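Summary of structural features
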Amino acid sequence: MLIVIDYNVGNVKSVCNAFRHIGCEAKLSCEPQDIESAAGLVLPGVAAFGFAVSALGPLAELIKKLVLSGKPLLGICVGYQLLFDQSSEFGCHAGLGLVSGNVVSIPTTQIVPHMGWNLVKLPEDMDLFAGLAREKHFYFAHSFYPDVTDTQAKIAYTDYGFDLPASVQKANIYGTQFHPEKSGKTGLKVLKNFAQICKRSNQC
Amino acid sequence: MLTKRIIPCLDVKDGRVVKGVHFLNLRDAGDPVELGTRYSDEGADELVFLDITATIRSRKTIVELVEKVAENVFISFTVGGGIQTVEQMDELLRSGAEKVSVNTAAVENPNLLTEAAKRFGNQCIVLAIDARRSKERKGHWQVTVKAGSEPTALDVVEWAVKAEKLGAGEILLTSMDADGTKTGYDNELNKAVTDAVNIPVIASGGAGKLEHLYDAIVEGGADAVLMASITHFENYTIKQMKQYLASRGIPVNL
């Protein structure tokens, strides 16, 4: 069973709907015992970074502990940004610090927010993108992005006037700036891949 | 490269999709969930659902509609119509909408944009502007509210600039003069707004031919084009629209 962490931010239900649509068991919960016994965790999020951090509250420490001991985690959008050290959206806020880097605003030489479908180059060695072509369109809606400095992280980039890190993978930690649950069939395939990753991780 | 978006708009009244001309003379266009699913399967980049009755009773219906759409459609969709508070936005976003749009409430209480952006991030706050060409001031447009029934003293370009500062993350710009006429978008309006702001602008009102979409993007500078009549009643599929735009060098997600 996958647990989609319900922490009082928008659009958590869509992620659950998408997993159910592809036949994966996923439950929306903020109960520590559900989170502890989950095969994998999904941290979704449509929220401002600071709001998301305070809404997550004490769950943050639990998630960190479980993920550092090997439980797969997928962060989506703000949930992806939460994986990093800190963000400057509406003041400075600390993130989970699981992947090194700071979340900063997209330069205003571009239209901000970065909104819509952009082409992401998918490295062959990133498990989330198994079975997909080497580049695919995904749906983005964000004004901030992580400047990834973690040398252990694999990164998939999209071009938005600069190389924007659209997805990272570091051991059992996964994240996408884009919304797989809003990226049609391609996005559903990414979620399916994450479900497979969780399944494999619980077998060994 | 970021692609230009094709966005079918579904105006919802009493649980059905309807479409009029200049916001009047509504015609039935089908079931919102069925139509939304069809457009998503055809390759629409996003959907917009507007509750055009926007009464207390219709609010419950629209939340249920959002839940149903979110179970069947795996692309982003915006919901608008009569939204007045951050709590109402929260309910719609939690039910599965990716973005919410506000018009009248933001004019009456501009701080709503700031409050909403601080809580949800500006990427999910769409400011809808219904623009009417000013008879008194040439090259200016007047903001109208309450589904186009009430003119205000606000100038469209000035309001768009102010709203961006307050926290709007996108503008859904409807020309009331062009709405439902199928004679093309008001690209003078689109250009005036896209030149003035640095957030995405969705051009709306007037699409009737494929070249109108191209013109809104190239002449109007629009990041996305919204249409209703042309998809509900005409023979253009989303795919045809995208193939046409691609053939003229516009980046699209085909």
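Residues numbered from 1 in each chain as written. Chains lettered and ligands numbered in written order. Predicted model: local features only at pLDDT ≥ 70, side-chain atom pairs only at ≥ 80, totals over all residues.

1. Considerations on the overall build of chain A
Spelled out, the test is: Elements are defined by DSSP. Helices are runs of H or I of four residues or more, strands are runs of E of two residues or more, and each kind is numbered from the N terminus. Radius of gyration: over C-alpha atoms. The globule rule applied is 2.2 Å multiplied by the number of residues raised to the 0.38 power. Exposure classes come from backbone-placed C-beta atoms, where a residue is buried if 20 or more other C-beta atoms lie within 10 Å of its own, exposed if 12 or fewer do, and partly exposed in between. Working definition of a contact: two residues with C-beta atoms, positioned from the backbone, lying within 7 Å.
Each helix and strand counted, chain A has 6 helices and 13 strands in total. Relative to the compact-globule value of 17 Å for 204 residues, chain A shows a C-alpha radius of gyration of 15 Å, a close match. Each principal axis of the C-alpha distribution contributes one length, and for chain A these read about 45 × 40 × 30 Å. Residues counted as buried form 55% of the 204 residues belonging to chain A. Excluding contacts between residues fewer than 6 apart, the proportion of contacts in chain A whose partners are at least 24 apart in sequence is 66%.

2. Focus: the overall build of chain B
The helix and strand inventory of chain B stands at 10 helices and 12 strands. Expected size for 254 residues packed as a compact globule is a radius of gyration near 18 Å; at 17 Å, chain B falls within 12% of this value. Principal-axis analysis of the C-alpha atoms places the extent of chain B at approximately 45 × 45 × 40 Å. For chain B, with 254 residues in total, the buried portion stands at 56%. The long-range share in chain B, meaning contacts at least 24 apart out of those at least 6 apart in sequence, stands at 66%.

3. Topic: the interface of chain A and chain B
Note the following rule: Polarity classes work like this: nonpolar for Ala, Val, Leu, Ile, Met, Phe, Trp, Tyr, Cys and Pro, charged for Asp, Glu, Lys and Arg, and polar for all others, with Gly in that last group.
Across the contact, 37 residues belong to chain A and 31 residues belong to chain B. Within the residue set of the side of chain A that touches chain B, elements represented by two or more residues are helix H1 (12-21), strand S8 (114-121), strand S9 (135-142) and helix H6 (184-203) of chain A. Within the side of chain A that touches chain B, the residues separate by chemical class into 18 nonpolar, 15 polar and 4 charged.

4. Some words on the nonpolar core
What counts is decided by this rule: In plain words, the nonpolar core is the set of buried Ala, Val, Leu, Ile, Met, Phe, Trp, Tyr and Cys residues that C-beta atoms within 7 Å link up.
Counting 154 residues, the largest nonpolar core has Leu2 of chain A together with Val100, Ile171 and Val225 of chain B as the members making the most contacts within it. With residues up to four places along the chain from it excluded, the contact list for Ile171 of chain B reads Leu127, Ile129, Ala160, Val193, Val197, Ile199, Val201 and Ile202 of chain B.

5. Some remarks on the packing of helix H3 (residues 86-95) of chain B against helix H5 (residues 111-120) of chain B
The packing of two helices is summarised by the inter-axis angle and the distance between the axes. Residues and elements named next belong to chain B. Operational definition: Axis lines are fitted through C-alpha atoms, for helices just across the contact stretch, and the angle between N-to-C directions can take any value from 0 to 180 degrees. Angular relationships are summarised with four words: roughly parallel below 35 degrees, roughly antiparallel beyond 145, roughly perpendicular across 65 to 115, and oblique for the angles in between. Rotating anticlockwise by less than a right angle from the far helix to the near helix defines a left-handed crossing, while the corresponding clockwise rotation defines a right-handed one.
Viewed as axis vectors pointing N to C, H3 and H5 meet at an angle of 40°, and their least axial separation amounts to 10 Å. What the angle tells us is that H3 and H5 run oblique. Handedness of the H3/H5 crossing: right-handed. For the pair formed by H3 and H5, the contact residues are Val86, Met89 and Leu93 on the first element and Glu115, Ala116, Arg119 and Phe120 on the second. In terms of residue class, the contact of H3 with H5 is built from 5 nonpolar, no polar and 2 charged.

6. Side note on the environment of Met115 of chain A
Residues and elements named next belong to chain A. By the element assignment, Met115 lies in strand S8. What makes Met115 buried here is the crowd of 27 C-beta atoms within 10 Å. The spacing of Met115 and Tyr139 is 24 residues in sequence and 7.5 Å in space, taken between C-alpha atoms.

7. Looking at the confidence of the model for chain B
Test applied: Within a predicted model, pLDDT stands for the predictor's per-residue confidence, ranging from 0 to 100.
Per-residue pLDDT for chain B has a mean of 94; in total, 100% of the residues score no lower than 70. For this predicted complex, the interface confidence comes out at an ipTM of 0.94, alongside a pTM of 0.95.

8. A look at the sheet that holds strand S5 (residues 86-87) of chain A
Residue and element names in this part refer to chain A. How we decide: Strand pairing requires that DSSP identify at least two bridges connecting the strands.
The mixed open sheet is built from 4 strands, whose spatial order is S6-S5-S7-S10. Two strands bound the open sheet, and with one partner strand each, they are strand S6 (93-94) and strand S10 (144-148). Of the pairings in the sheet, the one linking S5 to strand S7 (residues 101-105) comprises 2 bridges and is parallel in character. Counterpart to Gln86 in the pairing with S7 is Asn102.

9. Some points on unusual backbone geometry
Each neighbour pair has its own omega, and for Val112 of chain A with Pro113 of chain A the value is 5°, a cis peptide bond. Topologically, Pro113 of chain A is positioned in the loop between S7 and S8. At Ala171 of chain A, a residue that is not glycine, the phi angle is positive and equals roughly 50°. Tracing the backbone shows Ala171 of chain A in the loop between strand S12 (163-170) and strand S13 (173-176). Positive phi outside glycine occurs at Asp14 of chain B, with the angle close to 50°. One can find Asp14 of chain B in the loop between strand S1 (5-13) and strand S2 (16-21). Among the residues examined, Asp14 of chain B registers 11 C-beta atoms within 10 Å and is labelled exposed.

10. Some words on the pairing of S1 of chain B
All names here are of chain B. Among the 9 residues of S1, 8 are classified as buried, and the element is accordingly described as predominantly covered. As paired strands, S1 and strand S12 (residues 224-227) are joined by 4 bridges and run parallel to one another. Each residue of the ladder has a partner; that of Arg5, found in S12, is Ala224. Two elements, S1 and strand S4 (residues 46-51), share 4 bridges in a ladder whose sense is parallel. Residue pairing for S4: Leu10 is matched across the bridge by Phe49. With 3 bridges joining them, S1 and S2 adopt antiparallel strand pairing. Within S2, the position partnered with Val12 by the bridge is Val17.

11. Side note on the packing of helix H6 (residues 156-166) of chain B against helix H7 (residues 187-196) of chain B
Residue and element names in this part refer to chain B. It is the contact of H6 with H7, at a shortest axis distance of 9 Å, that shows an interaxial angle of 30°. In this view, H6 runs roughly parallel relative to H7, as classed from their interaxial angle. When the axes of H6 and H7 are compared, the crossing they make is right-handed. Facing H6, whose interface residues are Val156, Val157, Ala160 and Val161, H7 presents Ala192, Val193 and Ala196. The residue makeup of the contact of H6 with H7, split by class, is 7 nonpolar, no polar and no charged.

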